[in-house]
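Results of the structural survey
Spelled out, the chains give:
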Amino acid sequence: MEYKISNRLRIGAIIMVVLGLLGVGLGFMDSFSVNEDNISEVLAAEHHGHGDAHATNSHDNNHGELTHEEDHHGESAKSGLTHHEEHALHQIHNRPYAALYVGAFFFFMIALGVLAFYAIQYAAQAGWSPVLFRVMEGITSYVLPGGLIVLAIAFAADSHLFVWLKDGVTEVGHENYDKLVAGKSGWLNKTGFFIRGIIFLGGWVLYRQFSRKFSIAQDNAEDNRYFKKNFRISAAFLVFYIYTESMMSWDWIMSVDPHWFSTLFGWYVFASMFVSGITVIAMVTIYLKSKGLLEFVNDSHIHDLAKFMFGISVFWTYLWFSQFMLIWYSNIPEEVTYFVTRIEHYKLPFFGMLAMNFIFPLLLLMNSDYKRINWFVVMAGIVILCGHYLDVFNMIMPATVVERWFIGLPEIGSILLFGGIFLLVVFTALGKAPLLAKRNPFMKESEHFHY
Amino acid sequence: MEASKVIHAIYTDDDVLMSAVKAVKAKKHHIEEIYTPFPVHGLDKVMGLAPTRLAITAFLYGCVGLTVAITMMNFIMIEDWPQDIGGKPSFSYLENMPAFVPIMFELTVFFAAHLMVITFYLRSRMWPFKKAENPDPRTTDDHFLMEIAVHNNESELTSLLQETGAVEINIVDKDEDAH
C-alpha cells in the first residue's frame, strides 16, 4: 500500500531540473547577449533571413509596449536607438522571463486545479472519488512551492512581464506615462500585487495543509469528526477560491495586457487549470496502477476521470469561444487588438491550441469504451496538457515578446525545470501517507464504484 | 402448442432481478425479454444483448444537423440576402463563421437529440396508437418481469426461478397473450 518515490523517477526528475536550468540559463545568456550596441546588426541579420515583415507591422498591435505614444516615434533620446530597435530589444530581453513564467504558472495551475477538484469532492460528499484522495493530496503539495516560484519570477521579472511596472507609467509628463494604466494604479501597483498574491496563496495553502491533516487524522479516527471538519473547510475554501482565483487571473495573467480586459477571464483560466489538473490526476493514477499500487482503483474510476477530461475540455472551449465571439463581433479596437495580435503573429499556437484542447479530446474521448483504456487516456491527456501549456503561452507571450516567439531553449528548459520540480515534490508527497484514505466514510462506496 | 408457452417470473427489486438473470444465464436458458419500470444499469450486458448502436446514429444525426446549419446559414445570410455581420461586410461564410457557431451547435444538438429519440422509439417498436406489449401492467409501476420460453422443462425452470427470489411465477400461453 505504501509508495516510495523510486530512484529512477527521482534521478529522472533531477536530470530534468538540471537540463532545465541549463536551458533557462542559456536562454538568458542568449537573449542578454543582444544589447544596445549590437541590436542593429542582429536585426539586420534577421531581416536578411525573413524579409522585412517585422519593420512594417510591429507598431500596429504590440499593446504590450506602452511607450509608443505621440512624441516617441523618432530616435530615442537616451540610447540613440530607433523606436523599432528599442522595441525589439525589449522583446528579446523579455522572452526568457516570459518563458520561465509560462512554465512555472502551467505547473502551478495544475496543482491549484487539483486542489479545487479535491475540495469539490469533499463539499459534494462524492462517493466515487475517495480512492483517489491521496493521489490528489500528493499533487496539491505543489501548490505552495509552485505558487512561491510564480511570485518570485513575477518579482524578479518586474517590467519584463508587467509593463505597468515601468518607471513613470503613472507620472504625468513622463515619457512612459500611460493614462489608462495610471487610472488603474489603485489596483495595479507592485505592493498591492504582492500583498494580494500572498493572501491568495496563503489561503489556498492553509486549506491544503488543514485538509491534508484532517484526511490523515481520519485514517485512525473512531468517528467521522475529521471528515466533517474537512467537509466544512472545503465548502468555505471553495467560496474563497472562486473569488481569489478570478482575481489571481487578473493579477498574474490579464495584467500583462493592462489595457485589455475580459470579464470572464477568471472562469476561462479556471477551466484551463481544472482540466489540466484532472488530466494529471488520471495520469498519476494510471502510473501508480502500472506499478501494481492502487489496486482498489478500477476502470470505472478512470472512466469517470476521462469523462471529466472530456467534459471540461468542452467547457473550456465554450468559455474560450464566448470570450472570442463577443470581442470579435463587437470589434471595439481596444478589445479586439488582443485577438488581432494572436491571429496575426500566433496563428499556429492559437488555432493549434483549439485543435488540441477541443477537437482532439472531443473525438478521442467521445467513445465510452475508450475512456476505460488506460493508454488511450494517457495519450489524450498528453495532448490536453500540451494544449493547455500553449493556452498559457498564448496568454503571456503576445504581450511580452509579440512576434518574437518560438518554442525553443528557454521555453523547453522551463518546462523541464518546473516539470522536474513538480515530479519531485508530488511523488515525494505521495510517499508520505498510505495511498488509501482507509477510514473515509465513503470509502466502501468508492471501492465498489461501478459504472 | 408447446413451443409458444412462456414462463413469467416477477421480481420486486432490480438487484434481485440482476442476480436472477445471472443465475438463469448460467443454466443456459434463453431469456426472451425483461420488462422493467425503469432502465436497469448493466442489464443488457448481463443478458448478453448486442451493444446498442444508438450512439453511432446519434453521431451521424449530429453531423446531419451540423451540415443543415451550415447550408442554411450560408444560404440565408451569405447567398440569398447577404448580411453585413458586425460591421464586417465580407460576405464570406468562413470569415463570418464565429457568428454562426451558436446556430451550428444548437442544430447539431437538436438533430442528434430528437432523431435519436425517434430512432429509439422505432427501434423499440413503439409508435402512436400501438398497443402495449408488456404482459403485466405492474411492470410500469414497481415490478420486474422476466419472460423465458418453455421447452418441456416447466418444473425445472419453476424451481430455478423460485430459488432466485421471484415473488410470482406464471406459465402463460403466448398466443393467447399476444395482441
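Residues numbered from 1 in each chain as written. Chains lettered and ligands numbered in written order. Predicted model: local features only at pLDDT ≥ 70, side-chain atom pairs only at ≥ 80, totals over all residues.

The number of helices and strands found in chain A is 16 helices and zero strands. A compact globule built from 451 residues should have a C-alpha radius of gyration of about 22 Å, and chain A, at 23 Å, falls within 12% of that. Expressed as a percentage of the 451 residues in chain A, the buried residues total 45%. Sequence-distant contacts in chain A: of pairs separated by 6 or more residues, those separated by 24 or more amount to 83%. (Helix = DSSP H or I, 4+ residues; strand = E, 2+ residues; numbered from the N terminus. Rg over C-alpha atoms; globule rule 2.2 N^0.38 Å. Buried ≥ 20, exposed ≤ 12 C-beta atoms within 10 Å, placed from the backbone. Contact = placed C-beta atoms within 7 Å.)

For the rest of this paragraph, the subject is the interface of chain B and chain A. How big an interface is tends to be stated in terms of accessible area lost as the parts join. The partner chain A presents six residues to the six residues of chain B that form the contact. Along the lines of polarity and charge, the residues of the side of chain B that touches chain A split into three nonpolar, two polar and one charged. (Nonpolar A, V, L, I, M, F, W, Y, C, P; charged D, E, K, R; others polar.)

Here chain A averages 90 in pLDDT, and 93% of its residues register 70 or above. Residue range residues 51-77 of chain A is modelled with pLDDT below 50. Its contacts to residues more than four positions away, or to other chains, number 44 contacts. (pLDDT = per-residue confidence, 0-100.)

Attention shifts here to the nonpolar core. Residues and elements named next belong to chain A. The biggest cluster of nonpolar side chains holds 115 residues, and the ones touching the most others in it are I281, M309 and I396. Of the residues forming this core, the biggest block, 22 residues, is contributed by helix α4 (residues 83-123). Residue contacts for M309: discarding those within four places in its chain leaves V275, I278, T279, A282, P361, L365, A380, G381 and I384. (Core = buried A, V, L, I, M, F, W, Y, C linked by C-beta atoms within 7 Å.)

This part is about the packing of α4(A) against helix α10 (residues 265-290) of chain A. Residues and elements named next belong to chain A. Direction vectors running N to C along α4 and α10 enclose 85 degrees, while the axes themselves pass 7 Å from each other. When the axis of α4 is compared with that of α10, the two are roughly perpendicular. On α10, the residues that touch M109, I110, L112, G113, V114, A116 and F117 of α4 are S272, M273, F274, S276, G277, I278, V280 and I281. Across the contact of α4 with α10, the residue classes tally to eleven nonpolar, four polar and no charged. (Axes fitted to C-alpha atoms, helices over the stretch in contact; angles between N-to-C directions. Parallel < 35°, antiparallel > 145°, perpendicular 65-115°, else oblique.)

Before going further, it helps to spend a moment on the sheet that holds strand β3 (residues 144-149) of chain B. Residue and element names in this part refer to chain B. If you trace the four strands from one edge of the open sheet to the other, you get β2-β3-β1-β4, paired in antiparallel fashion. For this open sheet the edge positions go to β2 (31-35) and β4 (168-173), each flanked by a neighbour on one side alone. With strand direction ignored, the average angle separating the axes of adjacent strands in the sheet is 20 degrees. Where strand β1 (residues 5-11) and β4 come together, six bridges link them in antiparallel fashion. The residue bridging I10 from the neighbouring strand is E168, located in β4. (Pairing = 2+ DSSP bridges.)

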